[in-house]
Amino acid sequence: MVTLATLSISVRMARAQSELGFKKVLSVGVDAEAAIVQVGGVAEDSLGYIHVTDQVDCSVKKFDKYGKYLGKAGRYGRGEGEFQGPRKISIHDGLLAISDSPTAVVHIFGTDHTYRHSLTMPSAVGDVAFDKRGRLYVACYTDYLENLLILYDLEGQIVNRVACKAARGDMFFDAVSISVTPENNLVVVYRHFNVIELYSPEGEFAKSFSVTSLPLQSKAKKLPNGRSVPADVLLADVGVDGIGRIYILGGAYSPTPYRDVYIFDQKGNLLNTLTLPEVSGVLVLSNRGNLFTREKQRTIVSKYEIIGKIE
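Anyway, here's the lowdown on the structure attached to this text. (Residues numbered from 1 in each chain as written. Predicted model: local features only at pLDDT ≥ 70, side-chain atom pairs only at ≥ 80, totals over all residues. Heavy atoms only, no water.)

## Digging into the overall build of the protein chain
Tallying secondary structure elements over the protein chain gives one helix and 26 strands in all. The C-alpha atoms of the protein chain give a radius of gyration of 20 Å, which matches the 19 Å a tight globule of 311 residues would have. Along the longest, intermediate and shortest principal axes, the C-alpha atoms of the protein chain span 75 × 45 × 40 Å. Expressed as a percentage of the 311 residues in the protein chain, the buried residues total 54%. A separation threshold of at least 6 residues defines the contact pool for the protein chain, and within that pool the share at least 24 residues apart is 44%. A total accessible area of about 14,200 Å² is found for the protein chain, and carbon and sulfur atoms account for 50% of it. One finds the centroid of the 35 positive side-chain charges in the protein chain at a distance of 5 Å from the centroid of its 34 negative side-chain charges. (Helix = DSSP H or I, 4+ residues; strand = E, 2+ residues; numbered from the N terminus. Rg over C-alpha atoms; globule rule 2.2 N^0.38 Å. Buried < 20%, exposed > 50% of the residue type's maximum accessible area, 1.4 Å probe, protein only. Contact = heavy atoms within 4.5 Å. Areas by Shrake-Rupley, 256 points an atom, 1.4 Å probe, with all protein chains shown as cover. Lys, Arg positive; Asp, Glu negative; His and termini not counted. Charge placed at Lys NZ, Arg CZ, Asp CG, Glu CD.)

Here it is as structure tokens:
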């Protein structure tokens with residue numbers, strides 16, 4: 001016999017099952033041998049190996065799918081395969097592109113961590129993203145709009161320059177995070193403007209939208225030389241999942257700063273909002289369907305599965 005109490009319990013269970021959330025499946029960097037001083041970026045390859053840049057140790061570290069530390073490549077320096085401060089990573093077909101953010105260099109490694117070659121950029125590098133053709137988008141810190149976002153082949157030849165619509169020609173406010181959809185559309189997220197832009201694989205502007213619950217831009221502060229710079233970050237990072245949904249990590253202005261994740265379709269419709277269990281400045285969606293964050297004062301990388309239906 002079905003009682004009112006039984007029915008009530010069933011409804012509560014159904015609601016709980018339909019809620020969207022996270023399940024942590026792994027953390028790396030927790031062991032002394034595998035300690036990460038400061039996580040810069042993370043990527044998961046097709047075999048489940050996890051690659052993490054350590055900005056302070058000036059290396060890229062490798063872990064297996066169980067979190068076992070397998071070793072590292074790179075060291076401090078300016079030579080081949082050496083780093084000043086490695087940060088963002090992008091992965092494609094057995095290759096890692098690693099931005100050395102204080103410098104104007106992107107290093108190319110194999111997923112076996114053998115150094116391949118380096119690409120020299122017009123100015124310091126902020127983010128990198130392979131498209132599905134193996135071409136590499138590089139976002140730079142620059143006052144020159146033509147050098148803000150450039151598409152390269154792996155020999156370092158320029159394929160295209162993306163004319164970012166919202167950019168103003170200010171290296172501080174124009175900083176962007178980038179990702180690429182399964183259809184090879186480019187997603188550009190401004191870190192200090194509430195603007196998300198989509199571009200075709202040919203670099204043509206397609207549309208823009210925003211997180212309507214957040215302010216239009218970061219607050220500004222003055223430097224001693226009189227130049228205005230952002231006081232904090234508005235949109236911290238971007239990732240794209242295997243069916244093309246766009247995940248935006250909110251920064252200082254979100255209700256739960258550096259934890260709120262806004263999920264959009266490519267038409268700019270907000271599908272859902274998630275809150276990460278812990279603060280993170282990094283958000284990575286892998287081709288294997290996992291979500292990675294940076295936690296514990298930038299010393300740990302955690303891998304999550306998303307539980308529940310997004311839309």
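Still more ground to cover, so stick around.
## Digging into the state of the cysteines
What the rule picks out here adds up to zero disulfides. The closest cysteine sulfur to the non-disulfide-bonded C140 is located on C164, 11 Å from its own sulfur. (Disulfide = S-S within 2.5 Å.)

## Some words on the side chain of R245
Along the chain, the position of R245 falls in the loop between strand 20 (235-240) and strand 21 (246-250). In this structure R245 comes out as buried when scored by relative accessible area, which is 17%. Separated by 2.6 Å, the side chains of R245 and D241 make a polar contact. Among all residues touching R245, those that are not within four sequence positions of it are G239, V240, I263, F264, L271, I310 and E311. (Polar contact = N/O pair within 3.5 Å; in protein donor to acceptor, adjacent residues only side chain to side chain.)

## Overview of the sheet that holds strand 10 (residues 125-130)
One open sheet accounts for four strands, arranged 10-11-12-13; its pairing is antiparallel. Unpaired on one side and paired on the other, strand 10 and strand 13 (158-161) mark the two borders of the sheet. Ignoring strand direction, the axes of neighbouring strands in this sheet form an average angle of 25°. Examined bridge by bridge, strand 12 (residues 149-152) and strand 13 share three bridges and lie antiparallel to one another. Across the sheet, Y152 pairs through a bridge with I158, a residue of strand 13. (Pairing = 2+ DSSP bridges. Axes fitted to C-alpha atoms, helices over the stretch in contact; angles between N-to-C directions.)

## Considerations on the side chain of E44
Counting through the fold element by element, E44 comes out in strand 2 (residues 39-44). At 2.6 Å, the side chain of E44 and the side chain of S286 are in polar contact. Among the polar contacts listed, one links the side chain of E44 to the side chain of N290, at a separation of 3.1 Å. Beyond its immediate sequence surroundings of up to four residues, E44 is in contact with Y49, I91, S286, R288, N290, F292 and K303.

## Topic: the pattern of salt bridges
This structure, assessed with the given rule, holds 15 salt bridges. We note a salt bridge from D143 to R227, for which the minimum N-O separation is 2.9 Å. Placement of the pair is D143 in the loop between strand 11 (136-140) and strand 12 and R227 in the loop between strand 18 (220-222) and strand 19 (228-230), with a sequence separation of 84 residues. Two residues, K296 and E278, come together in a salt bridge whose shortest N-O distance is 3.3 Å. Of this pair, K296 sits in the loop between strand 25 (291-295) and strand 26 (300-307) while E278 sits in the loop between strand 23 (270-275) and strand 24 (283-285), and the two are 18 residues apart along the sequence. Take K296: its relative accessible area is 48%, and that puts it in the partly exposed class. (Salt bridge = Lys/Arg side-chain N within 4 Å of Asp/Glu carboxyl O.)

It is worth stressing that arrangement in space is one thing and function is another; only the former is reported here.
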